[in-house]
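The primary structure of each chain is shown beneath.
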Amino acid sequence: MNENKLWFNNKRGEKKWFAFIIYWGSILINIAWLVLSVAFSIYYLAKKENGNLWAFAFFNVLVAVYLGIILLVYKTWDFNITMYSSLIQTMIFANLGLTVLQAILGRQPKVKTA
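Report follows, based on the coordinates. Quick caveat, the model's predicted, so the values are computed rather than measured.

**Quick look at the nonpolar core**
So, point 1. Core analysis: the biggest nonpolar cluster contains 14 residues, and Tyr23, Leu67, Ile88 and Met91 have the highest contact counts within it.
So, point 2. Every element with two or more residues in this core is listed here: helix 2 (17–46), helix 3 (53–76) and helix 4 (85–105).
So, point 3. In terms of residue count, the dominant contributor to this core is helix 3 (six residues).
So, point 4. Every residue in contact with Ile88, bar those within four places of it in the chain, is listed here: Tyr23, Ile27, Leu67, Ile70 and Leu71.

This is the structure in structure tokens:
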């Protein structure tokens, strides 16, 4: 593999490895977050603690906003790295879909007073 392609050099010879690490680190961390969020959602649903799902829904919105900012920055400025924007877009929609699901399932039934 070409050394320049491996380190993503720009025209001045600076290495763009930092942009590469931020981009792919964000993707890998988000995949781990989606797995944890789904696992804890199933756990809390099984224990009938639906109110805890609201916290995960809130964090999913924050993650979707973060990924949107990453996508905007990397699409706007040229960092000369290999990007898979459809992967980030899929993860944004997965986070937002999971948020809606957690918000619906996180509702607690109202206690009826006598």
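After that view, the rundown keeps rolling.
**Considerations on helix 4**
So, point 1. Relative to the 30 Å expected for 21 residues at 1.5 Å per residue, helix 4 spans 30 Å between its end C-alpha atoms, a close match to the ideal helical length.
So, point 2. Three or more residues of helix 4 are buried, namely Ser85, Ile88, Met91, Ile92, Asn95, Leu98, Thr99 and Gln102. Buried residues of helix 4 fall within an arc of 155° about the axis and therefore sit on the same side.
So, point 3. Buried residues along helix 4 sit against helix 2 and helix 3.

**A closer look at unusual backbone geometry**
So, point 1. Despite not being glycine, Lys48 shows a phi value in the positive range, around 60°.
So, point 2. Mapping Lys48 onto the fold places it in the loop between helix 2 and helix 3.
So, point 3. Owing to a relative accessible area of 68%, Lys48 belongs among the exposed residues under this scheme.

**Brief notes about the side chain of Asn30**
So, point 1. Within the secondary structure, Asn30 sits in helix 2.
So, point 2. Classification of Asn30 by relative accessible area gives buried; the value is 2%.
So, point 3. Setting aside its immediate chain neighbours within four residues, Asn30 contacts Val63, Leu67, Met91 and Asn95.

**A short note on the packing of aromatic side chains**
So, point 1. Under the criterion given, the structure shown has nine aromatic pairs.
So, point 2. Relative to Phe56, the ring of Phe40 has its centre 5.9 Å away and its plane inclined at 15°; by these criteria the two rings are stacked. One end of the pair, Phe40, is in helix 2; the other, Phe56, is in helix 3, and 16 residues separate them in sequence.
So, point 3. Take Phe56: its relative accessible area is 13%, and that puts it in the buried class.
So, point 4. Ring geometry for Tyr44 against Phe56: centres 6.1 Å apart, planes inclined by 40°, an arrangement best described as tilted. Residue Tyr44 is found in helix 2, and its partner Phe56 is found in helix 3; the two are separated by 12 residues along the sequence.
So, point 5. Overall, the relative accessible area of 18% leaves Tyr44 in the buried class.
So, point 6. In textbook terms, an aromatic cluster arises when at least three aromatic residues are bridged by ring pairs, as seen for Trp33, Phe40, Tyr43, Tyr44, Phe56, Phe58 and Phe59.

Criteria and thresholds
- Residues numbered from 1 in each chain as written.
- Predicted model: local features only at pLDDT ≥ 70, side-chain atom pairs only at ≥ 80, totals over all residues.
- Heavy atoms only, no water.
- Core = buried A, V, L, I, M, F, W, Y, C linked by side-chain atoms within 4.5 Å.
- Buried < 20%, exposed > 50% of the residue type's maximum accessible area, 1.4 Å probe, protein only.
- Helix = DSSP H or I, 4+ residues; strand = E, 2+ residues; numbered from the N terminus.
- Contact = heavy atoms within 4.5 Å.
- Expected span 1.5 Å × (residues − 1).
- Arc of directions from axis to C-beta.
- Phe/Tyr/Trp six-rings, centres within 6.5 Å; stacked < 30°, edge-to-face > 60°.

So yeah, pure geometry; function would need other evidence.
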